[in-house]
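Residue-level structural notes
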Amino acid sequence: KAYPVIFVDYRPISAGNLEKYYSGAFHYYQSVFNFYNEDAAALNDEGAKKEIQRAVLDKLIEDKIIDKELNRLMNSGDLVKAVERKITEINNSQNTQKGAEILYGFSADEFQKQVLIPEAKWEILRDRLFLEDKNFEEWLKGVKSKAKVIILASGFSWNGDSVMVK
């Protein structure tokens, strides 16, 4: 599903990417509920599903904003190398691969694409801003408030700070 469901500063996020991320987040919450012997059926409530979708949309928007900033600050070769350095130690562990399957329902490759690479980018930008004596959360809040976000997914809107359920 390559059609866009969100545009962030005119950069699309596809329905397929949203579905993969939502599926992983839902699977994660099911795993956590099961681990703590809680009834995972509560996740099937429409309100719970909408809240997970809302959080996923927020995360995808933030990832797109961070990706845009890193592409502005770094050339693509340096960014790829920095990301590879951040995930090398984690990705080489078999425990990570098993954890990815158990917690998220992802293969090792999907886990790297959906979780590790975005997290590495967050850390790289956070580190760069720290070196410039800037607060990452304040920076992100400011950039989000200026971002042009269009949500095409029904039932959600953007309030300038985060995704809201309609």
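It should be noted that the structure appears before, not after, this text.
Before going into details, it helps to say that this report is about the structure given with it. (Residues numbered from 1 in each chain as written. Predicted model: local features only at pLDDT ≥ 70, side-chain atom pairs only at ≥ 80, totals over all residues. Heavy atoms only, no water.)

Turning to the overall build of the chain, a few remarks are in order. The number of helices and strands found in the chain is 6 helices and 5 strands. Going from N to C terminus, the chain has its helices and strands arranged as β-β-α-α-α-α-α-α-β-β-β. Computed over C-alpha atoms, the radius of gyration of the chain comes to 17 Å, within 12% of the 15 Å expected from 2.2 N^0.38 for 166 residues, which places it in the range of a compact globule. By residue count, 36% of the 166 residues in the chain fall in the buried class. In the chain, 62% of the contacts between residues at least 6 apart in sequence involve partners at least 24 apart. Total accessible area computed for the chain in this model is approximately 10,000 Å², and 51% of it derives from carbon and sulfur atoms. Of the charged side chains in the chain, 24 are positive and 26 negative, and the gap between their average positions amounts to 6 Å. (Helix = DSSP H or I, 4+ residues; strand = E, 2+ residues; numbered from the N terminus. Rg over C-alpha atoms; globule rule 2.2 N^0.38 Å. Buried < 20%, exposed > 50% of the residue type's maximum accessible area, 1.4 Å probe, protein only. Contact = heavy atoms within 4.5 Å. Areas by Shrake-Rupley, 256 points an atom, 1.4 Å probe, with all protein chains shown as cover. Lys, Arg positive; Asp, Glu negative; His and termini not counted. Charge placed at Lys NZ, Arg CZ, Asp CG, Glu CD.)

Across the sheet, which stays open at both edges, the 3 strands sit in the order E2-E1-E3 with antiparallel pairing between neighbours. Every other strand in the sheet has two partners, leaving strand E2 (11–14) and strand E3 (149–151) as the edge strands with one partner each. Direction aside, the axes of adjacent strands within the sheet are offset by 20° on average. Where strand E1 (residues 4–8) meets E2, 4 bridges bridge the pair, whose relative direction is antiparallel. Note that in E2 the partner of Phe7 across the bridge is Pro12. (Pairing = 2+ DSSP bridges. Axes fitted to C-alpha atoms, helices over the stretch in contact; angles between N-to-C directions.)

Between its first and last C-alpha atoms helix H2 (residues 46–73) spans 41 Å; for 28 residues at 1.5 Å apiece the expected length is 40 Å, and the two agree. The N-terminus of H2 is capped by Asp45, whose side-chain oxygen sits 3.0 Å from the backbone nitrogen of Gly47. (Expected span 1.5 Å × (residues − 1). Polar contact = N/O pair within 3.5 Å; in protein donor to acceptor, adjacent residues only side chain to side chain.)

The description of two aromatic rings rests on the distance between their centres and on the angle between their planes. The tally for this structure, following the rule as stated, stands at 8 aromatic pairs. Ring centres of Tyr104 and Phe106 lie 5.9 Å apart, and the angle between their planes is 5°; on these two criteria the pair is classed as stacked. One aromatic cluster in this structure is built from Tyr28, Tyr29, Tyr104, Phe106 and Phe111. Seen from the ring of Phe136, Arg126 lies directly overhead, with NZ or CZ sitting 4.8 Å from the centre. (Phe/Tyr/Trp six-rings, centres within 6.5 Å; stacked < 30°, edge-to-face > 60°. Lys NZ or Arg CZ within 6 Å of the ring centre and 35° of its normal.)

This paragraph deals with the packing of H2 against helix H5 (residues 108–131). The geometry of H2 relative to H5 is characterised by a closest axis approach of 10 Å and an angle of 55° between their N-to-C directions. In this view, H2 runs oblique relative to H5, as classed from their interaxial angle. In the packing of H2 onto H5, the handedness of the crossing is left-handed. Two secondary-structure elements touch here, H2 through Lys59, Glu62, Asp63, Ile66, Asp67, Glu69, Leu70 and Leu73 and H5 through Pro118, Lys121, Trp122, Ile124, Leu125 and Arg128. Each residue belonging to the contact of H2 with H5 can be placed in one class, and the counts come to 7 nonpolar, no polar and 7 charged. (Parallel < 35°, antiparallel > 145°, perpendicular 65-115°, else oblique. Left-handed = near helix turned anticlockwise from the far one by under 90°. Nonpolar A, V, L, I, M, F, W, Y, C, P; charged D, E, K, R; others polar.)

Below, the discussion takes up unusual backbone geometry. In this structure, Asn37 is a non-glycine residue whose phi angle is positive, near 55°. Summarising the element assignment, Asn37 is placed in the loop between helix H1 (15–35) and H2. By relative accessible area, which is 71% here, Asn37 ends up exposed. At Asp133, a residue that is not glycine, the phi angle is positive and equals roughly 60°. Position of Asp133 relative to the elements: it lies in the loop between H5 and helix H6 (136–146). Using a relative accessible area of 73% as the deciding quantity, one classes Asp133 as exposed.

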